[in-house]
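Spelled out from the first residue to the last, the chains are:
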2 protein chains.
Amino acid sequence: MKHIAESTVRRLSLYLRFLEDYRRQGLETISSGDLASLGGTTSAQVRKDLSFFGSFGTRGLGYSVSALSKRIREILGLEREWRVIIVGAGKIGAALAQYEGFGYRGFKIVGVYDVDQARIGQSLDGVIVKDQQELDGDLKSLKADIVLIAVPPEAAQPLVDRVTKAGIRGVLNFAPAPLHAPAGVTLRSVDMALELEILSYALAAKA
Amino acid sequence: MKHIAESTVRRLSLYLRFLEDYRRQGLETISSGDLASLGGTTSAQVRKDLSFFGSFGTRGLGYSVSALSKRIREILGLEREWRVIIVGAGKIGAALAQYEGFGYRGFKIVGVYDVDQARIGQSLDGVIVKDQQELDGDLKSLKADIVLIAVPPEAAQPLVDRVTKAGIRGVLNFAPAPLHAPAGVTLRSVDMALELEILSYALAAKA
DNA sequence: CTCTGTGAACATCTTCACAGCT
DNA sequence: AGCTGTGAAGATGTTCACAGAG
């Protein structure tokens, strides 16, 4: 398969949400124009995005809501369950552990770890915070696929090294630090301070 | 000023962090190559990014750490204080209110609001959660610049409409909903579920 | 000789416009 | 007639490669 742009994948993920809204409303077909106006893009963009993966629509009619949902879920790898471990049970880690947005789409939190004795043993939405010393063993025994990093920035890179050594191939980082992972590992970062600074730029630039 | 790509602004923000690391280490100059290797980019990219805003370097030597820091802070609008209001004191809102990453760079949280009586009155890192009914008045009296949205998805768009009507021009949304804002308002979204889905795609695609 | 600053070449992503099904 | 699917054109972002300052 040809390489797909991240922007395309992001939009696919959005389309899936709109499709689920449509299904909830009992609608059976949707056009590229409908998807476009919901997502703030153009109908050509929607058709182009989908065309990378095949031809799912019917000319003159549009797309079947259920068939397209299914197909996008397959493309995104959401038809399977992903087992997620969170490292760091501070404010962000705790918020992530209890975030409803994850569970409903096949992301299952199977463990939360911290180094702070005060946090170990706490229950976060049914998952008990465990001692980080148990992490290496648990990554394997719990069959974790993805690690969410919610530790202080200086602890983040060593943690990436550690979990990738244990075989983890997907990491989502929330620490404000630029991290590096070996080839074959997908590492993404969500940096809230950075987002605020980009907003600051936009506000300052138009003032 | 010509339009600057978001990717450029994002990198500038990263460069600023590296510059601060360098300053902490007492180093006085830095080359585009140094900045590039820290940020996982190329020296040409660094120079191009900076060139949009002027010529700050010395050929044969590099950039003055302190002068470049100062200049990037000006560009990003970080030499001033931004007054931030958080709406929604659930898990995410509370984590944001207590996130240290914001304060140190001129983002001051001046208020947190919720509709839930059980949360109103709670103290989050020194800020008392107030009743959301007071939001409209406080946006003006507290001179808020930026609103962070941490409410359930269905409440997000009405909230955007409300705060933009009150004069807010910068919104950072954490609810998993695609929002629209009037022209002149900068709205950015951080969507954690979306990030996990993009990760899922990457893992599924290489499997 | 080193490292910046930048036009030009290149690569990537988006939009256009229309042929082709239904 | 309506809407998809897709090459081609256009716009945007990145890398190259070198002139020029120190």
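1. A closer look at the overall build of chain A
- When its secondary structure is counted, chain A shows nine helices and ten strands.
- In chain A, which comprises 207 residues, the proportion classed as buried is 51%.
- Of the contacts formed within chain A by residues at least 6 apart in sequence, a portion of 57% connects residues at least 24 apart.
- As presented, chain A carries roughly 9400 Å² of accessible surface, and 51% of it is formed by carbon and sulfur atoms.
- Looking at charge distribution, chain A has the averaged site of its 26 positive side-chain charges lying 7 Å from that of its 23 negative ones.

2. Some thoughts on the nonpolar core
- Residues Leu-148 of chain A together with Leu-148 of chain B are the most contacted members of the largest nonpolar core, which totals 102 residues.
- Not counting residues up to four positions away in its chain, the partners in contact with Leu-148 of chain A are Val-84, Ile-85, Ile-86, Val-87, Leu-96, Phe-102, Leu-172 and Phe-174 of chain A together with Leu-196 of chain B.

3. Considering the interface of chain B and chain A
- If you look at the interface, chain B gives 59 residues, while chain A gives 59 residues.
- Carbon and sulfur atoms supply 69% of the area buried between chain B and chain A, which totals about 5500 Å² over both sides.
- When residues of chain B are sorted by the area they lose upon contact with chain A, Leu-196, Glu-197 and Tyr-201 of chain B head the list and together hold 13% of the total.
- Here chain B and chain A share eight salt bridges between them.
- Here Glu-195 of chain B and Arg-188 of chain A are joined by a salt bridge, their closest N and O atoms 2.6 Å apart.
- One can count 20 residue pairs in polar contact (both at pLDDT 80 or more) joining chain B with chain A.
- For the side of chain B that touches chain A, the secondary structure elements donating two or more residues are helix H1 (6–24), helix H4 (65–76), helix H5 (91–97), helix H6 (100–103), strand E7 (146–149), strand E8 (170–173), strand E9 (186–189) and helix H9 (192–206) of chain B.
- Residues that form the side of chain B that touches chain A fall into these classes: 37 nonpolar, ten polar and twelve charged.

4. With respect to the sheet that holds strand E8 (residues 146–149) of chain A
Residue and element names in this part refer to chain A.
- Spatial strand order, E6-E7-E5-E4-E8-E9-E10: seven strands in an open sheet with mixed pairing. Bordering the open sheet on either side are strand E6 (123–124) and strand E10 (186–189), each of which pairs with just one other strand.
- Alignment of strand E5 (residues 107–114) against strand E7 (residues 127–131), held across three bridges, turns out to be parallel. The partner of Asp-114 across the bridge, within E7, is Asp-131.

5. A few points about the protein's contact with DNA strand D
- Every one of the 23 residues lining DNA strand D counts as a neighbour, but Ser-32, Arg-47, Gly-57, Arg-59 and Tyr-63 of chain A are closest to it.
- Of all DNA strand D atoms lying within 4 Å of any protein atom, the proportion belonging to sugar or phosphate reaches 59%.
- One of the side-chain nitrogen or oxygen atoms of Ser-32 of chain A is found 2.5 Å away from a phosphate oxygen of DNA strand D.
- Between a phosphate oxygen of DNA strand D and a main-chain N or O atom of Phe-56 of chain A, the distance comes to 3.1 Å.
- Broken down by secondary-structure element, the contributors of at least two residues to the surface near DNA strand D are helix H3 (43–51), strand E2 (57–58) and strand E3 (62–64) of chain A together with H1 and helix H3 (43–51) of chain B.
- Examining the composition of the surface near DNA strand D, we find that four residues originate from one element, H3 of chain B, more than from any other.
- Here the residues of the surface near DNA strand D sort into five nonpolar, eleven polar and seven charged.

6. Observations regarding the pairing of strand E3 (residues 82–87) of chain B
Residue and element names in this part refer to chain B.
- A large share of E3 lies buried, amounting to five of its six residues.
- By the bridge criterion, six bridges tie E3 to strand E4 (residues 107–114) in an arrangement that is parallel. Across the sheet, Ile-86 pairs through a bridge with Val-112, a residue of E4.

7. A look at the protein's contact with DNA strand C
- Close to DNA strand C lie 24 residues; Ser-32, Arg-47, Gly-57, Gly-60 and Tyr-63 of chain B are nearest.
- In this structure, Arg-11 of chain A approaches DNA strand C through a side-chain N or O atom, which is 3.1 Å from a phosphate oxygen.
- At 3.4 Å from a phosphate oxygen of DNA strand C is found a side-chain nitrogen or oxygen belonging to Gln-45 of chain A.
- Broken down by secondary-structure element, the contributors of at least two residues to the surface near DNA strand C are helix H1 (6–24) and H3 of chain A together with H3 of chain B.
- Take the surface near DNA strand C: its biggest share by element is four residues, from H3 of chain A.

8. Side note on the pattern of salt bridges
- Summed over all chains, the structure comprises 36 salt bridges over all chains.
- Connected through shared salt-bridge partners, Glu-6, Arg-10 and Arg-188 of chain A together with Glu-195 of chain B make up one network.

9. A look at helix H4 (residues 65–76) of chain A
Residues and elements named next belong to chain A.
- When the terminal C-alpha atoms of H4 are compared, their 16 Å separation across twelve residues agrees well with the 16 Å that a helix rising 1.5 Å per residue should span.
- Within H4, the full set of buried residues consists of Val-65, Leu-68, Ser-69, Ile-72, Ile-75 and Leu-76. Seen end-on, H4 carries its buried residues on one side only, within an arc spanning 130°.
- Positive phi appears at Gly-77, one or two residues downstream of H4, with a value of about 75°.

Procedures and definitions
Residues numbered from 1 in each chain as written. Chains lettered and ligands numbered in written order. Predicted model: local features only at pLDDT ≥ 70, side-chain atom pairs only at ≥ 80, totals over all residues. Heavy atoms only, no water. Helix = DSSP H or I, 4+ residues; strand = E, 2+ residues; numbered from the N terminus. Buried < 20%, exposed > 50% of the residue type's maximum accessible area, 1.4 Å probe, protein only. Contact = heavy atoms within 4.5 Å. Areas by Shrake-Rupley, 256 points an atom, 1.4 Å probe, with all protein chains shown as cover. Lys, Arg positive; Asp, Glu negative; His and termini not counted. Charge placed at Lys NZ, Arg CZ, Asp CG, Glu CD. Core = buried A, V, L, I, M, F, W, Y, C linked by side-chain atoms within 4.5 Å. Buried area = accessible area lost by both parts, 1.4 Å probe. Salt bridge = Lys/Arg side-chain N within 4 Å of Asp/Glu carboxyl O. Polar contact = N/O pair within 3.5 Å; in protein donor to acceptor, adjacent residues only side chain to side chain. Nonpolar A, V, L, I, M, F, W, Y, C, P; charged D, E, K, R; others polar. Pairing = 2+ DSSP bridges. Near = heavy atom within 4 Å. Expected span 1.5 Å × (residues − 1). Arc of directions from axis to C-beta.

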